[in-house]
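Remarks on the overall topology
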Amino acid sequence: MSRFKAYLELIRYPLFAIPIVATLPGALIASEGRLTWRVAAALFIALCGYFAGMIKNDYFHRETDSLTNPERPLPSNRLTPRQALVPASVLYGLCVIAGFGLNVKAGLLVIGLVAISHLYNAIFKARGILGSLTLPIGIGLLSVFGALVVSGEVPRLVWYAFAATTLYDFGTHITTTFKDLSRDEALGITTTPLQLGIRPALLLSALATMLAFAIALLPYWLEPLRQKSYAIWVVLGIAATVATRIPLYLQPSEKNGYFALKGSMVGSILLFPCLIGAQVSIVVASAVIAPLLLITTFLLKTTRQEV
């Protein structure tokens with residue numbers, strides 16, 4: 001049981017909704033709103049790959065964590081590095097095999113996503129803006145992956161989802177690095193605020209986030225959509241994001257950075273899958289988004305684990 005709990009900490013289970021909501025738009029747009037076994041397969045593969053990336057993150061940064069987060073599974077010796085590396089590598093391998101089992105394009109993209117995850121964890125995470133860009137591109141590509149799994153093609157609407165997701169996650173990544181700002185500075189870890197400066201980094205985050213919302217709304221005017229009520233999810237995402245980032249912009253601090261992280265999680269669950277509402281009714285979209293939102297909010301509020 002203690003080992004099981006250690007693995008739960010490694011995969012950052014409160015963040016489980018991120019790969020799901022990032023993959024959903026592509027999968028459901030490509031399936032025209034139908035919940036098929038391929039949609040379920042895309043979500044499962046994305047979830048496994050995301051968990052593998054989280055484990056690799058702790059593997060590559062275990063020495064830093066021994067100073068900053070000694071209670072984590074690897075620094076506390078509840079798990080050995082090998083016990084982290086092997087299951088993460090196996091999960092990556094299974095994701096690649098499953099991707100190719102569905103179709104060649106999906107398999108090739110899984111390889112690309114694994115490479116992005118590895119580059120971020122091993123190299124770019126501590127390289128300032130490179131880290132803030134690399135991971136969001138991978139998150140954005142999950143929507144493309146979902147479409148490829150379902151149909152082998154990428155409908156035009158999915159590219160809006162890719163762009164909006166990538167930009168939103170880029171803005172989020174910058175703001176959430178504030179929760180470890182003094183610690184990163186003391187350890188010589190370069191994050192975007194430390195590389196660009198606090199105010200320029202916050203400005204860049206705001207611009208990326210506003211552009212993400214604008215792109216998410218573009219299909220409302222430019223595309224012949226079945227349902228235009230999807231825009232309500234964009235509005236709710238804006239509300240959640242703005243409300244939780246204002247304190248950070250007024251007073252950049254680690255406490256407000258962590259608050260922005262929680263708000264961005266809620267915002268991403270509302271924004272990332274909003275374009276599925278262009279294919280299905282608001283009731284169906286609500287049935288998808290609401291449970292993920294409630295569970296994530298509960299986990300973020302109750303867990304003692306730092307995410």
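Look a little higher up for the structure.
Residues numbered from 1 in each chain as written. Predicted model: local features only at pLDDT ≥ 70, side-chain atom pairs only at ≥ 80, totals over all residues. Heavy atoms only, no water.

Turning next to helix H14 (residues 282-302). The end-to-end C-alpha separation of H14 is 29 Å, in line with the 30 Å expected for 21 residues at 1.5 Å each. A maximum bend of about 25° is found in H14 at isoleucine 289, where proline proline 291 lies one to four positions downstream. Turning to H14, its buried residues number three or more, namely Ala285, Ile289, Leu292, Thr296, Leu299 and Leu300. Buried positions along H14 lie against helix H2 (17-30), helix H12 (231-250) and helix H13 (254-271). (Helix = DSSP H or I, 4+ residues; strand = E, 2+ residues; numbered from the N terminus. Expected span 1.5 Å × (residues − 1). Bend = angle between axes of the 7 residues up to and from the residue. Buried < 20%, exposed > 50% of the residue type's maximum accessible area, 1.4 Å probe, protein only. Contact = heavy atoms within 4.5 Å.)

Counting through the fold element by element, arginine 72 comes out in the loop between helix H4 (62-68) and helix H5 (81-102). On the basis of relative accessible area, arginine 72 is assigned to the buried category, the value being 12%. Within the structure, arginine 72 has its side chain in polar contact with the side chain of aspartate 65 (distance 3.2 Å). (Polar contact = N/O pair within 3.5 Å; in protein donor to acceptor, adjacent residues only side chain to side chain.)

Taken together, the side chains of Ile232, Val235, Leu236, Ile282 and Val283 make up a nonpolar region of the molecular surface, amounting to roughly 410 Å² of accessible area. Secondary structure elements with two or more residues in the nonpolar patch: H12 and H14. In terms of residues, the nonpolar patch owes the most to one element, H12, which gives three residues. Mapped onto the elements of the fold, isoleucine 232 is located in helix H12. (Patch = residues over 30% accessible without salt bridge, like charges linked within 9 Å, V, L, I, M, F, W, Y side chains within 5 Å. Areas by Shrake-Rupley, 256 points an atom, 1.4 Å probe, with all protein chains shown as cover. Salt bridge = Lys/Arg side-chain N within 4 Å of Asp/Glu carboxyl O.)

Turning our eyes to something else, we now look at the nonpolar core. Phe16, Phe145, Cys274 and Leu275 are the most contacted members of the largest nonpolar core, which has 83 residues in total. The biggest single contributor to this core is helix H3 (residues 37-60), with 12 residues. Beyond its immediate stretch of four places on either side in the chain, cysteine 274 contacts Ala216, Tyr230, Trp233 and Val234. (Core = buried A, V, L, I, M, F, W, Y, C linked by side-chain atoms within 4.5 Å.)

Overall, the coordinates contain six salt bridges when judged by the stated rule. One salt bridge in this structure joins glutamate 9 and arginine 78, with 2.9 Å as the shortest N-O distance. Here glutamate 9 is found in helix H1 (residues 2-10), whereas its partner arginine 78 is found in the loop between H4 and H5, with 69 residues between them in sequence. As a salt-bridge pair, glutamate 153 and lysine 105 come within 3.4 Å of each other at their nearest N and O atoms. Placement of glutamate 153 in the loop between helix H7 (129-151) and helix H8 (156-176) and of lysine 105 in helix H6 (residues 104-122) is noted, with a sequence separation of 48 residues between them.

This part takes up the packing of aromatic side chains. Considering all chains together, one arrives at five aromatic pairs under this definition. Measuring from ring centre to ring centre gives 5.7 Å for tyrosine 168 and phenylalanine 213, while their planes differ by 65°; the resulting arrangement is edge-to-face. Of this pair, tyrosine 168 sits in helix H8 while phenylalanine 213 sits in helix H11 (residues 198-222), and the two are 45 residues apart along the sequence. This pair shows no difference in class: tyrosine 168 is buried, exactly as phenylalanine 213 is. The structure contains a cluster of three or more aromatic residues connected by ring pairs, namely Tyr168, Phe213 and Phe272. One residue, arginine 62, lies across the ring of tyrosine 59, its end atom 4.4 Å from the ring centre. Taking NZ or CZ as reference, lysine 228 lies 5.0 Å from the ring centre of tyrosine 220, over its face. (Phe/Tyr/Trp six-rings, centres within 6.5 Å; stacked < 30°, edge-to-face > 60°. Lys NZ or Arg CZ within 6 Å of the ring centre and 35° of its normal.)

Where H8 contacts H13, the axes come no closer than 9 Å and their chain directions differ by 165°. Accordingly, the angle class assigned to the pair H8 and H13 is roughly antiparallel. Where H8 crosses over H13, the handedness of that crossing is left-handed. Residues Tyr168, Thr172, Thr175 and Thr176 of H8 form the contact with H13, whose own contacting residues are Gly257, Ala260, Leu261, Gly263, Ser264, Gly267, Ser268 and Leu271. A breakdown of the residues in the contact of H8 with H13 according to their chemical character gives four nonpolar, eight polar and no charged. (Axes fitted to C-alpha atoms, helices over the stretch in contact; angles between N-to-C directions. Parallel < 35°, antiparallel > 145°, perpendicular 65-115°, else oblique. Left-handed = near helix turned anticlockwise from the far one by under 90°. Nonpolar A, V, L, I, M, F, W, Y, C, P; charged D, E, K, R; others polar.)

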